[in-house]
Amino acid sequence: MNRSEKYTLPARILHWLTALAILTAFFIALSIDGKPLHTKFLLINYHKWAGITVLGLVILRVLWRLTHRPPELPDHMASWEKRIAHGGHGLLYILMIAVPIGGWLYSSALGFPIVWFSVVHLPNLVAKDKALADMIGPVHEAAAWTLIIVALLHAAAAIKHHFIDRDNVLKRML
């Protein structure tokens, strides 16, 4: 595989760091219920840190992508497959931005500021408002589940390309 068929090293690093941060945030969120209050607060902070990290990584990914074209999809793919692939990537980017911002809005509306890694104090995006928090919370959760589902479909498509189509779609991100 030549260089033009592979993602750049920074793109690959950002891709895998983003995936790791998303999975970390998601599994931390799943583990919060039923924990003692002190542990809950720690896990919520870890969840927020992972979410803000996702947002930062995605911003870097978008900036990198604007200046570095990704490799073309294989010629053997039908045009409808390419449209689905591009649409799926677009949806992933939208969700990778919307979910962390939704969490930030939710935290702000609850009146709990985000202090990223206990160092960087992020501004509240909205004033404390319980009713608003009650609306944002379920939307944030639904968007997070949607992100996970779309990411799983993305991974499944890459695996399908590797084992069934036997092309380089997966290899170019490794």
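Residues numbered from 1 in each chain as written. Predicted model: local features only at pLDDT ≥ 70, side-chain atom pairs only at ≥ 80, totals over all residues. Heavy atoms only, no water.

Visitor: Is there a simple way to explain a nonpolar patch on the surface in this structure?
Guide: On the surface, Ile59, Leu60, Val62, Leu63, Leu66, Ile97, Ile101 and Leu125 cluster together into a nonpolar patch covering about 670 Å² of accessible area. When residues of the nonpolar patch are traced back to their parent elements, those giving at least two are helix H2 (37-67) and helix H3 (79-110). Element by element, the count of residues in the nonpolar patch is highest for H2, at 5 residues. With respect to the secondary-structure elements, Leu66 resides in helix H2. (Patch = residues over 30% accessible without salt bridge, like charges linked within 9 Å, V, L, I, M, F, W, Y side chains within 5 Å. Areas by Shrake-Rupley, 256 points an atom, 1.4 Å probe, with all protein chains shown as cover. Salt bridge = Lys/Arg side-chain N within 4 Å of Asp/Glu carboxyl O. Helix = DSSP H or I, 4+ residues; strand = E, 2+ residues; numbered from the N terminus.)

Visitor: Just to check I follow, could you spell out the packing of aromatic side chains for this structure?
Guide: Both the distance between ring centres and the angle between the ring planes are used here to describe each pair of aromatic rings. In total, this model carries 5 aromatic pairs according to the counting rule given. When the ring of Phe26 is compared with that of Trp145, the centres are 4.8 Å apart and the planes differ by 85 degrees; the resulting orientation is edge-to-face. Pair noted here: Phe26 is in helix H1 (residues 9-31) and Trp145 is in helix H4 (residues 130-165), with a separation of 119 residues, a long-range link. Its relative accessible area of 11% is what places Phe26 among the buried residues. For the ring pair Trp116 and Phe117, a centre distance of 4.9 Å and an interplane angle of 65 degrees mean the geometry is edge-to-face. In this structure Trp116 comes out as partly exposed when scored by relative accessible area, which is 29%. One aromatic cluster is present, built from ring pairs that chain together Tyr46, Trp49, Trp116 and Phe117. (Phe/Tyr/Trp six-rings, centres within 6.5 Å; stacked < 30°, edge-to-face > 60°. Buried < 20%, exposed > 50% of the residue type's maximum accessible area, 1.4 Å probe, protein only.)

Visitor: So what exactly am I meant to see when it comes to unusual backbone geometry here?
Guide: Of note in this structure, Ser118 is not a glycine but carries a positive phi near 60 degrees. You can see Ser118 is positioned in the loop between strand S1 (115-116) and strand S2 (120-121). Of the residues examined, Ser118 reaches a relative accessible area of 53% and is grouped as exposed. Phi angles above zero are rare outside glycine, and Arg166 is one such case at about 55 degrees. Relative to the elements of secondary structure, Arg166 occurs in the segment after H4. For Arg166, a relative accessible area of 66% corresponds to the exposed category.

Visitor: Could you clarify how one ought to interpret the packing of H1 against H4 in this entry?
Guide: It is the contact of H1 with H4, at a shortest axis distance of 11 Å, that shows an interaxial angle of 135 degrees. In this view, H1 runs oblique relative to H4, as classed from their interaxial angle. Relative to H4, H1 is oriented so that their crossing is left-handed. Across the interface between the two elements, His15, Ile22, Leu23, Phe26 and Leu30 from H1 touch Trp145, Leu147, Ile148 and His154 from H4. Split into classes, the residues belonging to the contact of H1 with H4 amount to 7 nonpolar, 2 polar and no charged. (Axes fitted to C-alpha atoms, helices over the stretch in contact; angles between N-to-C directions. Parallel < 35°, antiparallel > 145°, perpendicular 65-115°, else oblique. Left-handed = near helix turned anticlockwise from the far one by under 90°. Contact = heavy atoms within 4.5 Å. Nonpolar A, V, L, I, M, F, W, Y, C, P; charged D, E, K, R; others polar.)

Note that every value here comes from positions in space, so none of it alone points to a role or purpose.
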